[in-house]
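Remarks on the overall topology
Residue-level listing of the chains:
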Amino acid sequence: MELPYAEPYKIKMIEHIKRSTKNQRLKWIKKAHYNLFNLASENVFIDLLTDSGTGAMSDRQWAEMMVGDESYAGSSSFKKLKKTVRKITGFKYFLPTHQGRAAENVLFSAMVKEGDVVPGNSHFDTTKGHIEFRKASAIDCTIDEAFDTSNMHPFKGNIDINKLEVVFKKYPKERIPFVILTITCNSAGGQPVSIKNISEVSKLCKQYDIPLYFDAARFSENAYFIKKREVGYENKTIKEIVKEVFSYGDGMTMSAKKDGLVNMGGFIALNNKKVYKEATVFNIMFEGFITYGGMNGRDMGALAVGLEESTEFNYLESRVEQIAYLGEKLVEYGVPVQQPFGGHAIFLDANKFVPTIPREEFRAQALALELYVVGGIRGVEIGTILADRDPITRENRYPELELVRLAVPRRTYTNNHMDYVAATLKMIYNTREEAKSGYKIINEAPIMRHFTIEFDKI
Ligand SMILES: *Cc1c(COP(=O)(O)O)cnc(C)c1O
């Protein structure tokens, strides 16, 4: 018999959370115009809105907060972080930014121009936003298997090499500034990309002389899946796998709020000196001097420790297996979820869960709202609302998948909390046929509308 996994840490400090009644929640969500982003967090019992910046830091990270060097230029905390980024990623140059989208803003300012195309695997919303904001387009080359929520493909974040080559053949290379490979692929459901696929994408990119960049927010979780699922990697350490993955690319943008295990932060790391020099100008303009880039010294120190901790197997095992624990409970209850389970979240398949609600009435949003009303649990819609309107026709873009994401913060909730979430969903699932109508939009922003959108109940 093998011993089960267990968290390689114990709890030193707790944060109080409050239970509320269904009537209270009905009142609060109406006041929030049925947008879960508008809720006061104190009115949420279990917050699975995002795993971004919501994790718990370790005692070692907090110790770094005390020795942070807040000098404007050349701080020792910057040096610490730079050294760690170099050690873990292997990339030569490094620029701190205040979070992931800031890294995108800085790098894309240097690389993306009007009329460009940027192929990738289901670009994250801020990534797509920063591409489209520059009047360029994101082209999704994810494998078809990713869009079937019951397909058990082990690496559903993979890029379809043929789709990618079609793009390379269709456009001159001057119009393809880079390929962006998101690991794990957030928008496809926290699904990993295999090292085989990464090396094939890299090879094709080299053949067509197009740089390859990683959107690396969850690079550690991706490495865990490679270790668990890919032949030849079972005996490699996470740090070895991470190093190999990055060796196939030219650079990365990072949201440190994910696998950096900090609450705020990001960076760019890359090998090309010319691009680094150009990005430096935008970093100073948008973020701050190059040795802090919008981050406090203490936060850079905590991030350096976080990167070391997130690339440890025992941590990753307890992290990713907690997600699977929730997923397996839901499967046991018959609740339709995307499989295999992602690394940071469980995705409810709203097309299968509430097909009785018309697509035009935003069924995934309706399901996310029901989860809050019934259990005080906050998830997020990953469907039509998130997909935004077509930039040209301004019509709603209906994606193949209508999902509700339950993102689990790192080192924050126990498996008892996961049991509570599963039980709430079971209750909703048992009465799902009563759900007939959804919501209509009364207010929305032209881009990245999901954050501020307002609805009325139909
Ligand atoms: C979170 C995230 C980003 C953006 O990072 P922020 O820190 O939220 O600005 C970009 N790409 C992916 C894949 C992400 O998950």
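Located above this text is the structure these notes cover.
Throughout what follows, the structure given in this document is the object of discussion. (Residues numbered from 1 in each chain as written. Predicted model: local features only at pLDDT ≥ 70, side-chain atom pairs only at ≥ 80, totals over all residues. Heavy atoms only, no water.)

**As for the site of the ligand**
Surrounding the ligand, one finds 14 residues, the nearest of these being Gln99, Arg101, Asp215, Ser255 and Lys258. Gly100 is positioned with one of its backbone polar atoms (N or O) 2.8 Å from an oxygen atom of the ligand. The biggest single contributor to the shell around the ligand is helix α4 (residues 100-111), with 3 residues. Its residues assigned to classes, the shell around the ligand shows 2 nonpolar, 6 polar and 6 charged. (Near = heavy atom within 4 Å. Polar contact = N/O pair within 3.5 Å; in protein donor to acceptor, adjacent residues only side chain to side chain. Helix = DSSP H or I, 4+ residues; strand = E, 2+ residues; numbered from the N terminus. Nonpolar A, V, L, I, M, F, W, Y, C, P; charged D, E, K, R; others polar.)

**Overview of the pattern of salt bridges**
Following the criterion strictly, the structure yields 27 salt bridges and no others. Here Glu221 ties to Arg319 by a salt bridge, and the two come within 2.9 Å at their closest N and O atoms. With Glu221 in helix α8 (residues 219-229) and Arg319 in helix α12 (residues 313-332), the pair connects residues that are 98 residues apart, well separated along the chain. Within the structure, one salt-bridge network assembled from shared partners comprises Asp51, Arg218, Glu221, Asp259, Arg319 and Arg410. (Salt bridge = Lys/Arg side-chain N within 4 Å of Asp/Glu carboxyl O.)

**Here we look at the layout of surface pockets**
Quantified by volume, the largest pocket comes out at close to 1600 Å³. Along its surface, the largest pocket is lined by 40 residues, and Met13, Gly55, Ala56, Arg411 and Thr412 are the ones closest to its centre. Secondary-structure elements contributing two or more residues to the lining of the largest pocket are α2 (59-66) and α12. There are two domains that each give the lining of the largest pocket at least three residues, and those are domain 1 (22-51 + 313-457) and domain 2 (59-310). In this structure, the second largest pocket occupies an estimated 670 Å³ of space. Contributing to the lining of the second largest pocket are 24 residues, with Ser122, Lys128, Asp140, Ala387 and Pro399 lying nearest its centre. In terms of residue class, the lining of the second largest pocket is made up of 13 nonpolar, 5 polar and 6 charged. Looking at which domains feed residues into the lining of the second largest pocket, each of domain 1 (22-51 + 313-457) and domain 2 (59-310) supplies at least three. (1 Å grid on protein atoms, 1.4 Å probe; cavity = no way out; pocket = protein on both sides within 12 Å on 5 of 7 lines; lining within 4 Å. Points joined across faces, edges and corners; volume = space filled by probe spheres on them. Domains from an automatic or database assignment.)

**Overview of the state of the cysteines**
All told, the structure shown has 0 disulfides when counted by the stated rule. Free of any disulfide, Cys141 has its nearest neighbouring cysteine sulfur in Cys205, separated by 10 Å. With relative accessibility at 1%, the residue Cys141 sits in the buried group. (Disulfide = S-S within 2.5 Å. Buried < 20%, exposed > 50% of the residue type's maximum accessible area, 1.4 Å probe, protein only.)

**Concerning the environment of Tyr93**
Within the secondary structure, Tyr93 is located in strand β2 (residues 93-97). Along the backbone, Tyr93 and Ser52 are 41 residues apart, and their C-alpha atoms lie at a distance of 25 Å. Beyond its immediate stretch of four places on either side in the chain, Tyr93 contacts Ile268, Ala269, Leu270, Asn271, Asn272, Lys273 and Tyr276. (Contact = heavy atoms within 4.5 Å.)

**Thoughts on the sheet that holds strand β12 (residues 403-407)**
Reading across the sheet, the 3 strands line up as β9-β12-β11 and stay open at both edges, with antiparallel pairing between neighbours. The sheet terminates laterally at β9 (345-349) and β11 (380-382), the two strands that pair on one side only. In this sheet, neighbouring strand axes are inclined to one another by 35 degrees on average, regardless of whether the strands run parallel or antiparallel. One ladder, built from 3 bridges, connects β11 with β12; its direction is antiparallel. The residue bridging Glu381 from the neighbouring strand is Val404, located in β12. (Pairing = 2+ DSSP bridges. Axes fitted to C-alpha atoms, helices over the stretch in contact; angles between N-to-C directions.)

**Overview of a positive patch on the surface**
A cluster of basic residues, Lys82, Arg86, Lys92 and Lys243, forms a positive patch on the protein surface. With respect to the secondary-structure elements, Arg86 resides in helix α3 (residues 76-89). (Patch = residues over 30% accessible without salt bridge, like charges linked within 9 Å, V, L, I, M, F, W, Y side chains within 5 Å. Areas by Shrake-Rupley, 256 points an atom, 1.4 Å probe, with all protein chains shown as cover. Lys, Arg positive; Asp, Glu negative; His and termini not counted. Charge placed at Lys NZ, Arg CZ, Asp CG, Glu CD.)

**Describing the packing of α12 against helix α16 (residues 415-430)**
Look at α12 against α16: their axes get within 9 Å of each other, and the N-to-C directions meet at 30 degrees. In terms of axis orientation, α12 runs roughly parallel to α16. Along this stretch, α12 crosses α16, giving a crossing that reads as right-handed. Each of Gln322, Tyr325, Leu326, Lys329 and Leu330 in α12 lies in contact with α16, whose residues at this interface are Asn415, Met418, Asp419, Val421, Ala422 and Leu425. In the contact of α12 with α16, the residues fall into 7 nonpolar, 2 polar and 2 charged. (Parallel < 35°, antiparallel > 145°, perpendicular 65-115°, else oblique. Left-handed = near helix turned anticlockwise from the far one by under 90°.)

**Details of the pairing of β2**
By the criterion of burial, β2 is predominantly enclosed, with 4 of the 5 residues buried. For β2 and strand β8 (residues 266-270), the ladder comprises 5 bridges, and the chain directions are antiparallel. Its bridge partner being in β8, Leu95 is matched across the sheet by Ile268.

**Description of the side chain of Glu244**
As for its position among the elements, Glu244 is in helix α9 (residues 238-247). Of the buried charged residues, Glu244 lacks a salt bridge, with Lys236 as the closest side chain of opposite charge at 5.1 Å. In contact with Glu244, other than residues within four places in its own chain, are Ile195, Tyr233 and Lys236.

**Thoughts on the packing of aromatic side chains**
Inspection of every chain in the model, using the stated rule, returns 20 aromatic pairs. Pairing Phe37 with Phe451 gives two aromatic rings, centres 5.0 Å apart and planes at 75 degrees, and the pair type is edge-to-face. Of this pair, Phe37 sits in the loop between α1 (22-31) and β1 (46-47) while Phe451 sits in the loop between β13 (439-443) and β14 (454-457), placing them 414 residues apart in sequence. Relative to Tyr420, the ring of Phe45 lies with its centre 5.1 Å away and its plane at 75 degrees, an arrangement referred to as edge-to-face. Taken as a pair, Phe45 in the loop between α1 and β1 and Tyr420 in helix α16 lie far apart in primary sequence, 375 residues in all. What makes Phe45 buried here is its relative accessible area of 13%. (Phe/Tyr/Trp six-rings, centres within 6.5 Å; stacked < 30°, edge-to-face > 60°.)

So far we have only geometry, and geometry alone does not tell us how the molecule works.
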